[in-house]
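Residue-level listing of the chains:
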Amino acid sequence: MALSKIQSESINLADTFAFTGTVSGAGSQGLVHLETQETSTAVTEMKFGSDVFNTTYDRYVVKGRVLPTADANDLQFRFMNSSETDLTALNSYRESVNNGSSANRTNGRIARSIGTVANAETGVLFHLDVWLPHVGNTDFQAMVNSNCFRVTTDTDPRHEVIVTYFRFDQDTTQPAGMNFRMSSNNMDKALISVFGVSETG
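Predicted, not measured: the structure shown is a model, and the values here were computed from it.

Before going further, it helps to examine the overall build of the chain. Helix and strand content of the chain: zero helices and 12 strands. Listed N to C, the secondary structure of the chain is β-β-β-β-β-β-β-β-β-β-β-β in terms of helices and strands. For the chain, the residues scored as buried account for 38% of the 201 residues in total. At a minimum sequence separation of 6, the contacts of the chain that also span at least 24 residues come to 74%. Counting only carbon and sulfur atoms, one obtains 47% of the accessible surface of the chain, whose full area is about 11,200 Å².

Okay, structure coming up:
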């Protein structure tokens, strides 16, 4: 079929168009939605496995909002292996909060001491930049940058940045998923979405 050049003003954008071929050339760089999970009843955890975190992407963006069932708990994450078992080797997560001193942990943190469960449904709103290379050496370790807004137990708004990396010298397992949970108690309500960062197009 011959191609016709169409001026934009000659198309009625209120019409419905059906395409039977393939449209290409527009590029596909940017965020690719992979999965969203939502709950309005209390759950212990939310897992995103290797069907989401795999060799298709090395970089991810995670956005979410969580309301805990009890005040003063941290929102945490753990990487998982391909069998969706948490990676919890001693000292395998190293973090810094608001560019303060570093500490080793058995989990990563997204936000600390979230409050106002009884007073107002605020909880924590967070954005994660996740670097999850499938290389397997000490030069390219998995990293998470957490940028969050939370409300304290005194109902004060706070902005917090927590950076964490997964130490290859402590655990050589390739991360293949993320598990989100509270430090204790449950997530009363939660909405978490994962996006892959595409660099092709």
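Considering the arrangement of structural elements, one finds Q76 in strand 4 (residues 73-79). On the basis of relative accessibility, which here comes to 9%, the residue Q76 falls in the buried class. When residues no more than four places from it in sequence are discounted, the contact partners of Q76 are R105, N107, G108, R109, I110, N179, F180, R181, M182 and S183.

Each regular strand displays side chains that alternate between the two surfaces of the sheet. Judged by which residues are buried, strand 8 (residues 124-131) turns out to be one-sided: V124, F126, L128 and V130 face inward and are buried, whereas L125, H127, D129 and W131, on the alternate face, are not. Pairing between strand 3 (residues 59-68) and strand 8: eight bridges, direction antiparallel. Across the sheet, Y60 pairs through a bridge with V130, a residue of strand 8. Of the pairings in the sheet, the one linking strand 8 to strand 9 (residues 143-151) comprises eight bridges and is antiparallel in character. Bridging across to strand 9, F126 finds its partner in C148.

Further remarks concern the pattern of salt bridges. For the structure on display, the rule yields 10 salt bridges. Of the charged contacts, one joins E95 and R105 as a salt bridge, the two residues approaching to 3.9 Å between their closest N and O atoms. With a gap of 10 residues between them, E95 in strand 5 (residues 93-97) and R105 in strand 6 (residues 102-105) connect regions that are remote in the sequence. Classification of E95 by relative accessible area gives buried; the value is 5%. Several salt bridges share partner residues, and in doing so they unite D74, E95, R105 and R109 into one network.

This paragraph deals with the sheet that holds strand 2 (residues 45-48). Reading across the sheet, the four strands line up as 2-11-4-7 and stay open at both edges, with antiparallel pairing between neighbours. Because the sheet does not close on itself, it has two edges, and the strands there are strand 2 and strand 7 (108-114). The mean inter-strand angle of the sheet, taken between neighbouring strand axes irrespective of direction, is 15 degrees. Sheet analysis places strand 2 next to strand 11 (residues 178-182), joined by four bridges and oriented antiparallel. Within the sheet, the bridge partner assigned to E45 lies in strand 11 and is R181.

At A72, a residue that is not glycine, the phi angle is positive and equals roughly 70 degrees. Among the secondary structure elements, A72 is positioned in the loop between strand 3 and strand 4. Positioned with a positive phi, N91 is a non-glycine residue whose angle comes to about 65 degrees. Using a relative accessible area of 28% as the deciding quantity, one classes N91 as partly exposed.

Let us now look at the sheet that holds strand 10 (residues 157-166). Two modes of strand pairing occur in sheets, parallel and antiparallel, and in both the strands are linked by backbone hydrogen bonds. Strand order in the open sheet made by the eight strands is 1-12-3-8-9-10-5-6, with antiparallel pairing throughout. The open sheet has two edge strands with one neighbour each: strand 1 (30-39) and strand 6. Going across the sheet, the axis of each strand differs from the next one's by a mean of 20 degrees, ignoring polarity. Bridge count between strand 5 and strand 10: five bridges; the pairing is antiparallel. Across the sheet, Y93 pairs through a bridge with F166, a residue of strand 10.

This part is about the packing of aromatic side chains. This structure, assessed with the given rule, holds 10 aromatic pairs. Considering the side-chain rings of F77 and F79, the 5.4 Å spacing of their centres and the 75 degrees angle between planes classify their relative orientation as edge-to-face. Look at F77 and you get buried, because its relative accessible area is 0%. F79 gets classed as buried once you look at its relative accessible area, which sits at 1%. An angle of 80 degrees between the planes, with centres 5.6 Å apart, marks the rings of F79 and F166 as edge-to-face. Within this pair, whereas F79 is found in strand 4, its partner F166 is found in strand 10, the two being separated by 87 residues in sequence. On the basis of relative accessible area, F166 is assigned to the buried category, the value being 3%. Grouped by ring-pair contacts, the aromatic residues F77, F79, Y93 and F166 constitute a single cluster.

Rules used throughout
- Residues numbered from 1 in each chain as written.
- Predicted model: local features only at pLDDT ≥ 70, side-chain atom pairs only at ≥ 80, totals over all residues.
- Heavy atoms only, no water.
- Helix = DSSP H or I, 4+ residues; strand = E, 2+ residues; numbered from the N terminus.
- Buried < 20%, exposed > 50% of the residue type's maximum accessible area, 1.4 Å probe, protein only.
- Contact = heavy atoms within 4.5 Å.
- Areas by Shrake-Rupley, 256 points an atom, 1.4 Å probe, with all protein chains shown as cover.
- Pairing = 2+ DSSP bridges.
- Salt bridge = Lys/Arg side-chain N within 4 Å of Asp/Glu carboxyl O.
- Axes fitted to C-alpha atoms, helices over the stretch in contact; angles between N-to-C directions.
- Phe/Tyr/Trp six-rings, centres within 6.5 Å; stacked < 30°, edge-to-face > 60°.

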